[in-house]
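Close look at the chain arrangement
So you can see what is in the structure, the chains are spelled out below.
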Amino acid sequence: MKKFCLLSILFLSLILWSASKNRVYAQDGYLHCGTTEVQNEIFRANPHIKEEYLKQEAKATLEDLQAFSKGYKENDQKALPPIYIIPIVFHIIHIGGAENISDAQIHDEVRVLNEDFRKLNSTSANTVSAFQSIAADCEIEFRLAQKDPNGNCTNGIDRIVSTLTNAADDNSKLNGWPRDKYLNVWVVKTIASGAAGYAYLPSTAAFMPSTDGILILSGYVGSIGTGSTTTSHALTHEIGHFLNLKHTWGDTNNPGVDCSGSDNVNDTPPTEGWLTCNLSGATCGSALDNVQNYMEYSYCPTMYTAGQKTRMRTALTSSTASRNNLWTTNNLSFTGVSLPAVLCTADFKSSSFTNTVCQGDSLTFTNLSWNGTPTSWSWTFQGGTPATSTDSLPVVHYNTSGVYDVSLTVSNGSGSATANKTAFITINPSTAIYNASFYSEGFEGSGIPNTDWKIHNQTPGGNTWVQTSTAAASGSKSVMITNLTNSDTFVDELISPSIDMTAITGSINIAFKVAYAQRSTTTNDKLQVYVSTNCGLSWNLRKTMTGAALSTGGVQTASFTPTASQWAQQVVSLTGYTLQTNLFIMFRFTSNGGNNIYLDDINIGGTAGMVDNLENFTNFNIYPNPTEENTMISFNTIEKQKVEVKIYDLVGAEVSSVFSGDLNTGEHQYSIEKKNNLAPGVYFVTLSIDKQHFTKKLIIK
Ligand SMILES: [Zn+2]
């Protein structure tokens, strides 16, 4: 009700449902709004803000209201929007608990807001008959921001990990977006004052742009997940404050006490205010109180009045706290909420998830652009046939091996967006680069990715495979993922060069060294080995190692760096692939929030058990490697054995025989002198002990 005046153009209002000193509970123990408390705290510390507030409320005389109403009608005639659309952003301040509510719960809250502010709420039918005629469609709509302040795509949900989610206050309002462009809502776990939420009325917010917006508990957002139907209207109440509404009983947080206050709205009956849902309640001389008002604490709200609608829409035409910029055509475009939905960022994928295929094969491309729906597509395919396309799902043939760019421009009635992906597609030769009988990899050469080894990062943003000098099973380097700081579910792949398997007869295995530690006994990080016979178009799983079965370093909470004894050899059978002329191997690591993983010494060889046992005894090493000068080959023999050491080039041609003959038990070393024998390049050194072969890559710089 409005006691001394009707509406005034400039008001601030805050709404929250509780306060620390006088925590007020509605029926069923629901928390209340803290707006009055925070506003009074601001007033105590800043008397000039209180002066401005009182001045503006004092102006809310009948004359002012009439003047406003007149001006509003004139403005309406100037084609002010019948519906004010407000871009809204939810900043979820969380520490990974239940307060990190789902996108679906936020979408549900936006649904609740739009139903409440458009009188589309199903509970509108429950409004008591005395108030049916003044229950208003406020003609205010909320849309999740689709562009952030920098023009980047967003879903309007901004997740921030911070302990400020606990005992939250204005200091918890992290990463606020400009309040003249967005309605900021910060969702938190607990609020210091004990309130369910609070906001600042425009006249107060005008002095505090960085904290303008709404702070609210995660359980009071949406009707699903951690929310409930009853609490889902708390944000409707708080936005009422944001748009200059006061509680129906006035400027206190103590409803049900007396009739001294007023909300300065002309059609809300005078009331003491309600903590319960007494639909026949009447106080302060009213025939019937509007207990079902969103600005009550009754927790059975169904309506705003026509007078409250006018006061909110007045606030939206006022420059106080920049409310009059939120709904402008320019701002709706800036925040990406205009319709048809803007094509915020173009994106696409190929039918090969690693974006690799053999020469002579085809790929299908699919649009993945954000937000809007394209109505036209313009593709270019470097190295492909066709070279351009306007299809939505083009099929492109690649005849020549190489690495190629792809670009896509999508358009619709709201504009266009372009994605250029350089070196996006790798077309592999139809013949393998390496011969399996001479193949090994110790990752001693150039860092990865390199001309041989590729990385596919399914979840960009975290740490992926890199070469490291901090640990090695042999030599001085290996490859690893600093997984300790990766989020759960990150997936990273390491893909080998192509290998011709036909030179090996009998059973074939991939052997490699792995080192890994769990972070806790329940972290189940996963390493999987796949092979592809079609240059990466599809992959077949050969082995899965996970959790404790993968761990070589036990459980460690600190960043794991393996010692020499914390490497284990794993062997993966390639039975069934002996006739493959062009095989690719892929190591996929899926994070479960555990610790670091390392790989080294990948070899392809014959019978697994023999390789495994003998290699551990032979301790076959080449060092330094890579080398610019001489290098040393060392190994052990466990009895008198027939031994050969030979060096081959990339295509398997023998370039040097280092030793051939019988050796007694013990350690043996042979020097390889670069200047005499080997030009700079990549070689394979093969150690044969009886009929077992071990191969290591040697790089001469
Ligand atoms: Zn409130």
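Residues numbered from 1 in each chain as written. Predicted model: local features only at pLDDT ≥ 70, side-chain atom pairs only at ≥ 80, totals over all residues.

1. Digging into the overall build of the protein chain
What counts here: For the purposes of this entry, the term helix denotes a DSSP run of H or I that reaches at least four residues, the term strand denotes a run of E that reaches at least two, and both are numbered from the N terminus. Exposed residues have 12 or fewer other C-beta atoms within 10 Å of their own C-beta, buried residues have 20 or more, and residues in between are partly exposed; the C-beta atoms are placed from the backbone. Two residues form a contact once the distance between their C-beta atoms, set from the backbone, is within 7 Å.
Along the backbone of the protein chain there are 12 helices and 35 strands. With 701 residues in all, the protein chain has 47% of them scored as buried. Taking all contacts inside the protein chain whose residues are at least 6 apart in sequence as the whole, residues at least 24 apart take part in 71%.

2. A few points about the sheet that holds strand β31 (residues 641–648)
What counts here: Here the rule is simple: two strands pair whenever DSSP picks up at least two bridges between them. Angles shown run from 0 to 180 degrees and are taken between the N-to-C directions of axes, each axis being a line fitted to C-alpha atoms and, for helices, limited to the stretch in contact.
Strands sit in the order β32-β31-β34-β35 across an open sheet of 4 strands; the sheet is antiparallel. Strands at the two margins of the open sheet, each flanked by one partner only, are β32 (654–663) and β35 (692–700). Direction aside, neighbouring strands of the sheet carry axes that sit 15 degrees apart on average. Bridge analysis of strand β34 (residues 681–689) against β35 gives 9 bridges, and the strand direction is antiparallel. By the bridge assignment, Phe-684 is partnered in β35 with Lys-697.

3. A short note on unusual backbone geometry
Note on backbone geometry: most residues besides glycine have negative phi, and most peptide bonds are trans. A cis geometry characterises the amide bond from Thr-385 onward to Pro-386, with omega recorded as 0 degrees. Positionally, Pro-386 belongs in the loop between β11 (384–385) and β12 (388–389). Geometrically, the link from Ile-448 to Pro-449 is a cis peptide bond, its omega value of 0 degrees lying close to zero. The phi dihedral of Lys-119 falls on the positive side, at around 55 degrees, and the residue is not glycine. Of the residues examined, Lys-119 has 17 C-beta atoms within 10 Å and is grouped as partly exposed. Of note in this structure, Ala-167 is not a glycine but carries a positive phi near 50 degrees.

4. Points about the environment of Tyr-648
Along the chain, Tyr-648 turns up in strand β31. Taking the C-alpha atoms as reference, Tyr-648 lies 7.8 Å from Thr-686; in sequence the two are 38 residues apart.

5. A word on the sheet that holds strand β21 (residues 491–495)
Read across the open sheet, the 5 strands follow the order β18-β21-β27-β24-β25; overall the sheet is antiparallel. At either margin of the open sheet sits one strand with a lone partner, and together these are β18 (454–457) and β25 (540–546). For this sheet, the mean angle separating the axes of adjacent strands, direction not counted, is 20 degrees. By the bridge criterion, 6 bridges tie strand β24 (residues 526–532) to β25 in an arrangement that is antiparallel. Within the sheet, the bridge partner assigned to Val-529 lies in β25 and is Lys-543.

6. Concerning the environment of Lys-181
The topology assignment puts Lys-181 in the loop between β3 (157–161) and β4 (183–188). For the pair Lys-181 and Ile-86, spaced 95 residues apart in sequence, the C-alpha separation works out to 8.5 Å. Contacts of Lys-181, omitting those with residues within four sequence positions, involve Pro-87, Pro-149, Asn-325, Asn-331, Phe-334 and Thr-335.

7. Examining helix α1 (residues 35–45)
Along α1, the positions that sit buried rather than exposed are Thr-35, Thr-36, Glu-37, Val-38, Gln-39 and Ile-42. In this structure, the buried side of α1 is in contact with α2 (47–58), β5 (197–199), α6 (202–205) and α7 (234–242).

8. Here we look at the pairing of strand β20 (residues 478–481)
Going residue by residue along β20, you find Ser-478 and Met-480 tucked away on one face and Val-479 and Ile-481 tucked away on the opposite face as well. The sheet contact formed by strand β19 (residues 466–468) and β20 spans 3 bridges and is antiparallel. Its bridge partner lying in β20, Gln-467 is registered against Val-479. Relative to strand β28 (residues 597–605), β20 runs antiparallel, the two sharing 3 bridges. Among the inter-strand pairings, Met-480 is bridged to a residue of β28, identified as Tyr-598.

9. So, the confidence of the model for the protein chain
Basically, it comes down to this: The pLDDT score gives, residue by residue, the confidence of the prediction method on a 0 to 100 scale.
Taken residue by residue, the protein chain gives an average pLDDT of 86. The fraction at 70 or more is 90%. Ignoring residues within four places in sequence, the model shows residues 67–79, a span with pLDDT below 50, making 6 contacts including any to other chains. Scored below 50 in pLDDT, residues 607–613 makes 13 contacts in the model with residues more than four places away or belonging to other chains.

10. Details of the nonpolar core
Defined as follows: We define the nonpolar core as any set of buried residues of the types Ala, Val, Leu, Ile, Met, Phe, Trp, Tyr and Cys, connected via C-beta atoms lying within 7 Å of each other.
Grouped together as the largest cluster of nonpolar side chains are 70 residues, with contacts concentrated most on Ile-86, Val-185, Val-187, Ile-216 and Leu-235. Sorting elements by how many residues they give to this core places strand β1 (residues 84–94) first, with 8 residues. Setting aside its immediate chain neighbours within four residues, Ile-216 contacts Val-185, Val-187, Ala-196, Gly-197, Val-221, Ala-234, Leu-235 and Glu-238. Grouped together as the second largest cluster of nonpolar side chains are 68 residues, Trp-465, Trp-567, Ile-585 and Tyr-598 included.

11. Observations regarding the pairing of β32
Along β32, only 0 of the 10 residues are buried, which leaves the element largely exposed. Here β31 pairs with β32 via 8 bridges, running antiparallel. The residue of β32 that forms the bridge with Glu-644 is Ser-660. The antiparallel pairing of β31 with β32 creates a hairpin that spans 5 residues between the two strands, and Gly-652 there sits at a positive phi of about 90 degrees.

12. Focus: helix α8 (residues 306–316)
When you tally the buried positions in α8, you get 9 out of 11 residues, the bulk of the element. Listing the buried residues of α8 in full gives Gly-307, Gln-308, Lys-309, Thr-310, Arg-311, Met-312, Arg-313, Thr-314 and Ala-315.

13. Comments concerning the packing of helix α4 (residues 103–117) against α7
For the record, the criterion: Each angle receives one of four descriptions, namely roughly parallel if under 35 degrees, roughly antiparallel if over 145, roughly perpendicular if within 65 to 115, and oblique otherwise. Each crossing gets its handedness from the near helix: less than a right angle anticlockwise from the far helix is left-handed, clockwise is right-handed. Residue type decides the class: Asp, Glu, Lys and Arg count as charged, Ala, Val, Leu, Ile, Met, Phe, Trp, Tyr, Cys and Pro as nonpolar, and the leftover types, Gly among them, as polar.
Running from amino to carboxyl end, α4 crosses α7 at an angle of 60 degrees, the nearest separation of the two axes being 9 Å. By the criterion of interaxial angle, the relationship of α4 to α7 is oblique. Pair α4 / α7 crosses with right-handed handedness. Of the residues in α7, those in contact with Glu-109, Val-112, Leu-113 and Asp-116 of α4 are Leu-235, Thr-236 and Ile-239. In the contact of α4 with α7, the residues fall into 4 nonpolar, 1 polar and 2 charged.

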